[in-house]
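In case you want the letters, here they are:
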There are 2 protein chains.
Amino acid sequence: MKSPIDFYFDFSSPYGYLAAEQIETLGMRVGREINWHPILLGAIFKVTGGQPLTSHAFKGDYSLMDFKRSAAYYGIPYNPPKTFPIATQNSCRAVLWMHQKNPAHAKTLALELYRAFFRDDRDIGKFDVIADLASTLGYDESEITAASQSDEIKAQLKTEVEAAIAKKVFGSPYFIVDGEPFWGADRLPMMEKWLTEGAWKY
Amino acid sequence: MKSPIDFYFDFSSPYGYLAAEQIETLGMRVGREINWHPILLGAIFKVTGGQPLTSHAFKGDYSLMDFKRSAAYYGIPYNPPKTFPIATQNSCRAVLWMHQKNPAHAKTLALELYRAFFRDDRDIGKFDVIADLASTLGYDESEITAASQSDEIKAQLKTEVEAAIAKKVFGSPYFIVDGEPFWGADRLPMMEKWLTEGAWKY
(Lines give C-alpha, C1' and ligand atoms only; values in the text may rest on other atoms or scores of the structure.)
Protein backbone atom coordinates (compact mmCIF):
# COMPACT_ATOMS: atom_id res chain seq x y z
CA MET A 1 0.00 0.00 0.00
CA LYS A 2 1.53 3.28 -1.09
CA SER A 3 1.47 6.11 1.41
CA PRO A 4 -1.17 8.82 0.92
CA ILE A 5 -0.78 12.37 -0.33
CA ASP A 6 -1.30 14.86 2.49
CA PHE A 7 -3.22 17.85 1.11
CA TYR A 8 -3.15 21.00 3.24
CA PHE A 9 -5.48 23.86 2.33
CA ASP A 10 -7.03 27.04 3.67
CA PHE A 11 -10.68 27.65 2.77
CA SER A 12 -9.88 31.26 1.85
CA SER A 13 -7.26 30.15 -0.69
CA PRO A 14 -8.35 30.31 -4.36
CA TYR A 15 -5.42 28.13 -5.44
CA GLY A 16 -6.45 25.70 -2.70
CA TYR A 17 -9.88 25.53 -4.33
CA LEU A 18 -8.33 24.94 -7.76
CA ALA A 19 -6.28 22.09 -6.26
CA ALA A 20 -9.27 20.63 -4.38
CA GLU A 21 -11.11 20.29 -7.70
CA GLN A 22 -8.24 18.24 -9.16
CA ILE A 23 -6.51 16.33 -6.39
CA GLU A 24 -8.81 13.29 -6.03
CA THR A 25 -8.64 12.58 -9.78
CA LEU A 26 -4.86 12.95 -9.65
CA GLY A 27 -4.82 10.55 -6.68
CA MET A 28 -6.77 7.97 -8.67
CA ARG A 29 -4.36 8.26 -11.60
CA VAL A 30 -1.29 7.74 -9.40
CA GLY A 31 -2.87 5.20 -7.03
CA ARG A 32 -2.66 7.28 -3.85
CA GLU A 33 -5.23 8.13 -1.22
CA ILE A 34 -5.62 11.82 -0.41
CA ASN A 35 -5.73 13.00 3.19
CA TRP A 36 -7.46 16.37 3.34
CA HIS A 37 -6.15 18.75 6.03
CA PRO A 38 -8.05 22.02 6.44
CA ILE A 39 -5.71 24.52 8.08
CA LEU A 40 -5.64 28.20 9.00
CA LEU A 41 -3.00 30.12 7.07
CA GLY A 42 -3.52 33.11 9.35
CA ALA A 43 -2.25 31.08 12.31
CA ILE A 44 0.69 29.80 10.23
CA PHE A 45 1.57 33.32 9.07
CA LYS A 46 1.89 34.35 12.73
CA VAL A 47 4.79 31.91 12.91
CA THR A 48 6.32 32.46 9.47
CA GLY A 49 5.68 36.18 9.04
CA GLY A 50 3.82 35.40 5.81
CA GLN A 51 1.07 37.62 4.42
CA PRO A 52 -1.98 37.00 2.25
CA LEU A 53 -1.13 37.17 -1.46
CA THR A 54 -3.63 39.90 -2.11
CA SER A 55 -2.08 42.22 0.49
CA HIS A 56 1.10 42.69 -1.56
CA ALA A 57 1.65 45.70 -3.82
CA PHE A 58 1.48 44.72 -7.52
CA LYS A 59 1.43 40.99 -6.66
CA GLY A 60 -1.99 41.44 -5.06
CA ASP A 61 -3.63 42.73 -8.24
CA TYR A 62 -1.77 40.14 -10.30
CA SER A 63 -3.04 37.39 -8.02
CA LEU A 64 -6.67 38.50 -8.23
CA MET A 65 -6.31 38.32 -12.03
CA ASP A 66 -4.39 35.04 -11.97
CA PHE A 67 -7.01 33.33 -9.75
CA LYS A 68 -9.59 33.90 -12.48
CA ARG A 69 -7.28 33.17 -15.40
CA SER A 70 -5.99 29.97 -13.78
CA ALA A 71 -9.50 28.74 -13.01
CA ALA A 72 -10.42 29.20 -16.68
CA TYR A 73 -7.14 27.49 -17.70
CA TYR A 74 -8.11 24.44 -15.64
CA GLY A 75 -11.74 24.63 -16.75
CA ILE A 76 -13.01 25.20 -13.21
CA PRO A 77 -15.91 27.59 -12.52
CA TYR A 78 -14.75 30.59 -10.49
CA ASN A 79 -16.62 33.63 -9.30
CA PRO A 80 -14.56 36.00 -7.10
CA PRO A 81 -16.25 36.32 -3.67
CA LYS A 82 -17.32 39.86 -2.82
CA THR A 83 -15.89 39.50 0.71
CA PHE A 84 -12.38 38.10 0.62
CA PRO A 85 -10.56 36.74 2.52
CA ILE A 86 -12.88 35.57 5.28
CA ALA A 87 -12.45 33.77 8.62
CA THR A 88 -12.72 30.05 7.96
CA GLN A 89 -12.18 28.33 11.30
CA ASN A 90 -15.85 27.28 11.43
CA SER A 91 -15.55 25.52 8.10
CA CYS A 92 -12.38 23.76 9.25
CA ARG A 93 -14.06 22.63 12.46
CA ALA A 94 -17.15 21.32 10.68
CA VAL A 95 -14.95 19.25 8.36
CA LEU A 96 -12.95 17.88 11.30
CA TRP A 97 -16.14 16.93 13.11
CA MET A 98 -17.59 15.26 10.03
CA HIS A 99 -14.34 13.36 9.52
CA GLN A 100 -15.03 11.61 12.84
CA LYS A 101 -18.42 10.55 11.51
CA ASN A 102 -17.50 9.69 7.94
CA PRO A 103 -14.17 10.58 6.28
CA ALA A 104 -15.64 10.46 2.76
CA HIS A 105 -18.40 12.88 3.74
CA ALA A 106 -15.78 15.21 5.22
CA LYS A 107 -14.02 15.45 1.84
CA THR A 108 -17.32 16.08 0.08
CA LEU A 109 -18.20 18.78 2.58
CA ALA A 110 -14.77 20.40 2.13
CA LEU A 111 -15.17 20.51 -1.65
CA GLU A 112 -18.74 21.80 -1.35
CA LEU A 113 -17.56 24.51 1.06
CA TYR A 114 -14.94 25.61 -1.48
CA ARG A 115 -17.55 25.65 -4.25
CA ALA A 116 -19.99 27.58 -2.08
CA PHE A 117 -17.34 30.24 -1.49
CA PHE A 118 -15.55 30.50 -4.84
CA ARG A 119 -18.42 29.66 -7.17
CA ASP A 120 -21.58 30.75 -5.36
CA ASP A 121 -20.18 33.60 -3.23
CA ARG A 122 -21.66 32.27 0.00
CA ASP A 123 -20.01 33.18 3.31
CA ILE A 124 -18.69 29.82 4.50
CA GLY A 125 -17.53 31.40 7.73
CA LYS A 126 -21.17 31.28 8.88
CA PHE A 127 -22.70 28.21 10.42
CA ASP A 128 -26.04 28.56 8.63
CA VAL A 129 -24.21 28.12 5.31
CA ILE A 130 -22.08 25.25 6.63
CA ALA A 131 -25.08 23.49 8.16
CA ASP A 132 -27.07 23.92 4.96
CA LEU A 133 -24.33 22.14 2.98
CA ALA A 134 -24.03 19.44 5.65
CA SER A 135 -27.77 18.83 5.60
CA THR A 136 -27.58 17.74 1.96
CA LEU A 137 -25.26 14.97 3.18
CA GLY A 138 -27.89 13.90 5.72
CA TYR A 139 -26.59 15.66 8.80
CA ASP A 140 -28.71 17.51 11.31
CA GLU A 141 -28.10 21.25 11.05
CA SER A 142 -28.22 22.00 14.76
CA GLU A 143 -26.08 18.98 15.61
CA ILE A 144 -23.19 19.94 13.32
CA THR A 145 -23.40 23.57 14.42
CA ALA A 146 -23.15 22.68 18.09
CA ALA A 147 -20.68 19.82 17.74
CA SER A 148 -18.31 21.81 15.55
CA GLN A 149 -17.96 24.41 18.28
CA SER A 150 -17.19 21.93 21.03
CA ASP A 151 -13.99 22.33 23.01
CA GLU A 152 -12.83 19.01 21.63
CA ILE A 153 -13.10 20.11 18.00
CA LYS A 154 -11.60 23.52 18.72
CA ALA A 155 -8.63 21.79 20.35
CA GLN A 156 -8.37 19.41 17.41
CA LEU A 157 -8.13 22.25 14.89
CA LYS A 158 -5.39 23.83 17.00
CA THR A 159 -3.54 20.51 17.02
CA GLU A 160 -3.96 20.14 13.25
CA VAL A 161 -2.54 23.59 12.59
CA GLU A 162 0.38 22.92 14.95
CA ALA A 163 1.04 19.64 13.17
CA ALA A 164 1.10 21.47 9.83
CA ILE A 165 3.54 24.03 11.23
CA ALA A 166 5.73 21.19 12.51
CA LYS A 167 5.85 19.91 8.92
CA LYS A 168 6.80 23.44 7.74
CA VAL A 169 3.61 23.95 5.75
CA PHE A 170 3.67 27.66 4.82
CA GLY A 171 1.07 28.05 2.07
CA SER A 172 -2.07 26.68 0.42
CA PRO A 173 -2.36 24.32 -1.31
CA TYR A 174 0.57 22.35 0.09
CA PHE A 175 1.17 18.67 -0.51
CA ILE A 176 3.48 16.18 1.16
CA VAL A 177 3.93 12.68 -0.22
CA ASP A 178 6.67 10.22 0.75
CA GLY A 179 8.25 13.13 2.65
CA GLU A 180 8.45 15.31 -0.48
CA PRO A 181 6.73 18.72 -0.29
CA PHE A 182 5.01 20.46 -3.20
CA TRP A 183 3.57 23.96 -2.84
CA GLY A 184 0.93 25.41 -5.13
CA ALA A 185 -1.70 24.25 -7.59
CA ASP A 186 0.91 24.85 -10.29
CA ARG A 187 3.10 22.10 -8.82
CA LEU A 188 0.48 19.38 -9.47
CA PRO A 189 2.01 18.33 -12.83
CA MET A 190 5.46 18.09 -11.20
CA MET A 191 4.08 16.03 -8.30
CA GLU A 192 2.31 13.72 -10.72
CA LYS A 193 5.52 13.20 -12.70
CA TRP A 194 7.34 12.53 -9.41
CA LEU A 195 4.80 9.84 -8.51
CA THR A 196 4.45 8.20 -11.91
CA GLU A 197 7.98 8.31 -13.36
CA GLY A 198 9.75 7.99 -10.02
CA ALA A 199 11.61 10.52 -7.89
CA TRP A 200 14.46 12.17 -9.76
CA LYS A 201 17.74 13.07 -8.15
CA TYR A 202 18.47 16.71 -7.41
CA MET B 1 4.32 40.95 -37.22
CA LYS B 2 3.26 39.72 -33.81
CA SER B 3 4.41 41.74 -30.84
CA PRO B 4 7.34 40.39 -28.81
CA ILE B 5 7.38 38.77 -25.39
CA ASP B 6 8.97 41.06 -22.82
CA PHE B 7 11.07 38.95 -20.47
CA TYR B 8 12.08 40.60 -17.18
CA PHE B 9 14.66 38.88 -15.00
CA ASP B 10 17.06 39.45 -12.12
CA PHE B 11 20.46 37.79 -12.42
CA SER B 12 20.19 36.53 -8.82
CA SER B 13 16.92 34.72 -9.56
CA PRO B 14 17.19 30.93 -10.00
CA TYR B 15 13.73 30.76 -11.56
CA GLY B 16 14.85 33.55 -13.91
CA TYR B 17 17.75 31.32 -14.96
CA LEU B 18 15.40 28.38 -15.52
CA ALA B 19 13.21 30.61 -17.70
CA ALA B 20 16.20 32.06 -19.59
CA GLU B 21 17.18 28.53 -20.64
CA GLN B 22 13.72 27.95 -22.13
CA ILE B 23 12.30 31.23 -23.38
CA GLU B 24 14.00 31.54 -26.78
CA THR B 25 12.88 28.05 -27.77
CA LEU B 26 9.35 28.86 -26.59
CA GLY B 27 9.51 32.07 -28.63
CA MET B 28 10.44 30.10 -31.74
CA ARG B 29 7.55 27.69 -31.20
CA VAL B 30 5.00 30.48 -30.85
CA GLY B 31 6.54 32.83 -33.44
CA ARG B 32 7.44 35.66 -31.09
CA GLU B 33 10.63 37.62 -30.58
CA ILE B 34 11.89 37.84 -27.01
CA ASN B 35 13.00 41.16 -25.53
CA TRP B 36 15.33 40.49 -22.62
CA HIS B 37 15.12 43.02 -19.77
CA PRO B 38 17.66 42.60 -16.97
CA ILE B 39 16.27 44.31 -13.88
CA LEU B 40 17.10 44.72 -10.19
CA LEU B 41 14.52 43.09 -7.94
CA GLY B 42 16.08 44.81 -4.94
CA ALA B 43 15.13 48.20 -6.36
CA ILE B 44 11.63 46.95 -7.15
CA PHE B 45 11.21 45.49 -3.66
CA LYS B 46 11.89 48.96 -2.23
CA VAL B 47 8.69 50.04 -3.97
CA THR B 48 6.57 46.92 -3.43
CA GLY B 49 7.81 45.86 0.01
CA GLY B 50 8.73 42.47 -1.44
CA GLN B 51 11.48 40.30 -0.01
CA PRO B 52 13.81 37.68 -1.50
CA LEU B 53 12.22 34.21 -1.48
CA THR B 54 15.01 32.72 0.56
CA SER B 55 14.53 35.23 3.40
CA HIS B 56 11.14 33.78 4.36
CA ALA B 57 10.72 31.28 7.19
CA PHE B 58 9.88 27.80 5.85
CA LYS B 59 9.40 29.13 2.30
CA GLY B 60 13.09 29.97 2.15
CA ASP B 61 14.23 26.38 2.73
CA TYR B 62 11.51 25.08 0.44
CA SER B 63 12.68 27.44 -2.30
CA LEU B 64 16.32 26.38 -2.02
CA MET B 65 15.12 22.78 -2.48
CA ASP B 66 12.66 23.65 -5.24
CA PHE B 67 15.31 25.53 -7.27
CA LYS B 68 17.31 22.31 -7.53
CA ARG B 69 14.31 20.02 -8.02
CA SER B 70 12.80 22.29 -10.69
CA ALA B 71 16.11 22.51 -12.59
CA ALA B 72 16.28 18.72 -12.68
CA TYR B 73 12.60 18.59 -13.71
CA TYR B 74 13.37 20.83 -16.70
CA GLY B 75 16.65 19.00 -17.42
CA ILE B 76 18.74 22.13 -16.80
CA PRO B 77 22.14 21.90 -15.03
CA TYR B 78 22.05 23.69 -11.68
CA ASN B 79 24.68 24.08 -9.01
CA PRO B 80 23.64 26.30 -6.07
CA PRO B 81 26.06 29.25 -5.79
CA LYS B 82 27.93 29.38 -2.50
CA THR B 83 27.27 33.13 -2.22
CA PHE B 84 23.65 33.92 -2.84
CA PRO B 85 22.06 36.30 -3.57
CA ILE B 86 24.66 38.71 -4.98
CA ALA B 87 24.63 42.28 -6.30
CA THR B 88 24.01 42.10 -10.04
CA GLN B 89 23.90 45.69 -11.30
CA ASN B 90 27.24 45.25 -13.10
CA SER B 91 25.88 42.28 -15.05
CA CYS B 92 22.76 44.26 -15.96
CA ARG B 93 24.85 47.21 -17.12
CA ALA B 94 27.16 45.05 -19.24
CA VAL B 95 24.15 43.50 -20.97
CA LEU B 96 22.60 46.93 -21.59
CA TRP B 97 25.89 48.21 -23.06
CA MET B 98 26.28 45.16 -25.28
CA HIS B 99 22.69 45.55 -26.47
CA GLN B 100 23.74 48.88 -28.01
CA LYS B 101 26.51 47.07 -29.92
CA ASN B 102 24.67 43.89 -30.86
CA PRO B 103 21.29 42.81 -29.43
CA ALA B 104 21.90 39.12 -30.20
CA HIS B 105 25.22 39.21 -28.35
CA ALA B 106 23.49 40.84 -25.38
CA LYS B 107 21.11 37.86 -25.09
CA THR B 108 24.00 35.43 -25.34
CA LEU B 109 25.91 37.33 -22.68
CA ALA B 110 22.85 37.33 -20.40
CA LEU B 111 22.43 33.57 -20.73
CA GLU B 112 26.16 32.99 -20.22
CA LEU B 113 26.08 35.19 -17.10
CA TYR B 114 23.22 33.10 -15.71
CA ARG B 115 25.13 29.89 -16.49
CA ALA B 116 28.31 31.25 -14.93
CA PHE B 117 26.42 31.98 -11.73
CA PHE B 118 24.03 29.04 -11.40
CA ARG B 119 26.10 26.34 -13.05
CA ASP B 120 29.74 27.34 -12.53
CA ASP B 121 29.40 29.27 -9.23
CA ARG B 122 31.25 32.32 -10.56
CA ASP B 123 30.56 35.73 -9.00
CA ILE B 124 28.92 37.58 -11.88
CA GLY B 125 28.83 40.73 -9.78
CA LYS B 126 32.52 41.17 -10.59
CA PHE B 127 33.75 42.78 -13.78
CA ASP B 128 36.62 40.35 -14.32
CA VAL B 129 34.07 37.53 -14.66
CA ILE B 130 31.75 39.62 -16.86
CA ALA B 131 34.64 40.77 -19.07
CA ASP B 132 35.92 37.22 -19.41
CA LEU B 133 32.52 36.07 -20.71
CA ALA B 134 32.29 39.09 -23.03
CA SER B 135 35.74 38.38 -24.44
CA THR B 136 34.56 35.03 -25.80
CA LEU B 137 32.06 37.05 -27.87
CA GLY B 138 34.93 39.15 -29.24
CA TYR B 139 34.69 42.15 -26.95
CA ASP B 140 37.64 43.93 -25.40
CA GLU B 141 37.72 43.29 -21.64
CA SER B 142 38.80 46.77 -20.60
CA GLU B 143 36.34 48.43 -22.98
CA ILE B 144 33.27 46.63 -21.63
CA THR B 145 34.41 47.16 -18.06
CA ALA B 146 34.80 50.91 -18.53
CA ALA B 147 31.81 51.43 -20.82
CA SER B 148 29.43 49.48 -18.56
CA GLN B 149 30.20 51.86 -15.72
CA SER B 150 29.55 55.02 -17.70
CA ASP B 151 27.02 57.51 -16.43
CA GLU B 152 24.96 56.85 -19.54
CA ILE B 153 24.64 53.12 -18.86
CA LYS B 154 24.01 53.64 -15.15
CA ALA B 155 21.19 56.02 -16.03
CA GLN B 156 19.85 53.55 -18.57
CA LEU B 157 19.61 50.77 -15.98
CA LYS B 158 17.77 53.13 -13.66
CA THR B 159 15.35 53.97 -16.49
CA GLU B 160 14.87 50.26 -17.28
CA VAL B 161 14.02 49.44 -13.67
CA GLU B 162 11.62 52.38 -13.47
CA ALA B 163 9.97 51.23 -16.69
CA ALA B 164 9.53 47.75 -15.21
CA ILE B 165 8.00 49.22 -12.06
CA ALA B 166 5.64 51.30 -14.23
CA LYS B 167 4.50 48.01 -15.78
CA LYS B 168 4.00 46.56 -12.26
CA VAL B 169 6.72 43.93 -12.62
CA PHE B 170 7.18 42.54 -9.11
CA GLY B 171 9.15 39.31 -9.53
CA SER B 172 11.52 37.29 -11.69
CA PRO B 173 10.96 35.88 -14.22
CA TYR B 174 8.10 38.07 -15.36
CA PHE B 175 6.67 38.11 -18.87
CA ILE B 176 4.35 40.52 -20.64
CA VAL B 177 2.95 39.75 -24.06
CA ASP B 178 0.07 41.56 -25.77
CA GLY B 179 -0.46 43.31 -22.42
CA GLU B 180 -0.93 40.01 -20.53
CA PRO B 181 1.42 39.39 -17.58
CA PHE B 182 2.77 35.99 -16.54
CA TRP B 183 4.90 35.59 -13.42
CA GLY B 184 7.20 32.65 -12.79
CA ALA B 185 8.95 29.91 -14.73
CA ASP B 186 5.99 27.71 -13.85
CA ARG B 187 3.68 29.95 -15.90
CA LEU B 188 5.53 29.19 -19.16
CA PRO B 189 3.13 26.37 -20.17
CA MET B 190 0.14 28.63 -19.50
CA MET B 191 1.71 31.47 -21.52
CA GLU B 192 2.41 29.09 -24.38
CA LYS B 193 -1.18 27.86 -24.38
CA TRP B 194 -2.35 31.49 -24.33
CA LEU B 195 -0.23 32.24 -27.40
CA THR B 196 -0.95 29.10 -29.39
CA GLU B 197 -4.61 28.36 -28.65
CA GLY B 198 -5.65 31.98 -28.26
CA ALA B 199 -6.49 34.08 -25.22
CA TRP B 200 -9.30 32.59 -23.17
CA LYS B 201 -11.93 34.66 -21.41
CA TYR B 202 -11.76 35.03 -17.66
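Residues numbered from 1 in each chain as written. Chains lettered and ligands numbered in written order. Predicted model: local features only at pLDDT ≥ 70, side-chain atom pairs only at ≥ 80, totals over all residues.

With that settled, the discussion passes to helix α4 (residues 59–74) of chain A. Residue and element names in this part refer to chain A. A rise of 1.5 Å per residue sets the reference length of α4, with its 16 residues, at 22 Å; its end C-alpha atoms lie 21 Å apart and thus fit the reference within 8%. Taken residue by residue, α4 has Lys59, Tyr62, Asp66, Phe67, Arg69, Ser70 and Ala71 as its buried positions. Positive backbone phi, approximately 75 degrees, marks Gly75, located one or two places after α4. (Helix = DSSP H or I, 4+ residues; strand = E, 2+ residues; numbered from the N terminus. Expected span 1.5 Å × (residues − 1). Buried ≥ 20, exposed ≤ 12 C-beta atoms within 10 Å, placed from the backbone.)

With that settled, consider the sheet that holds strand β2 (residues 34–38) of chain B. Two orientations exist for strands paired in a sheet by backbone hydrogen bonds: parallel and antiparallel. All names here are of chain B. The four strands lie next to each other as β2-β1-β3-β4, forming an open sheet whose pairing is mixed. Every other strand in the sheet has two partners, leaving β2 and β4 (180–183) as the edge strands with one partner each. On average, each strand axis in the sheet is tilted by 20 degrees relative to the strand beside it, whichever way the strands run. As paired elements, strand β1 (residues 5–9) and strand β3 (residues 174–177) share three bridges and run antiparallel to each other. For Phe7, the partnering residue across the bridge sits in β3 and is Phe175. (Pairing = 2+ DSSP bridges. Axes fitted to C-alpha atoms, helices over the stretch in contact; angles between N-to-C directions.)

What follows deals with the confidence of the model for chain A. Mean pLDDT over chain A works out to 97, with 100% of the residues at or above the 70 mark. Predicted complex metrics record ipTM = 0.94 and pTM = 0.96. (pLDDT = per-residue confidence, 0-100.)

The subject of this paragraph is the relation of the copies chain A and chain B. Take chain A, turn it by 180 degrees, move it 0.0 Å along the axis, and it overlays chain B with an RMSD of 0.0 Å. Here the two chains are linked by the operation of a two-fold rotation axis. When each C-alpha of chain A is compared by its distance to the rotation axis, A:Asp186 comes out closest, at 3.4 Å. When the interface residues of chain A are mapped onto chain B, 100% of them again fall at the interface, so both copies present the same face. (Least-squares fit on C-alpha atoms with pLDDT ≥ 70 in both. Contact = placed C-beta atoms within 7 Å.)

Moving on, we come to the interface of chain A and chain B. Every contact between the two is made by 21 residues of chain A and, on the other side, 21 residues of chain B. Listed by contribution, the elements that provide at least two residues to the side of chain A that touches chain B are α4 and β4 (180–183) of chain A. Examining the composition of the side of chain A that touches chain B, we find that six residues originate from one element, α4(A), more than from any other. For the side of chain A that touches chain B, the class distribution of residues is eleven nonpolar, four polar and six charged. (Nonpolar A, V, L, I, M, F, W, Y, C, P; charged D, E, K, R; others polar.)

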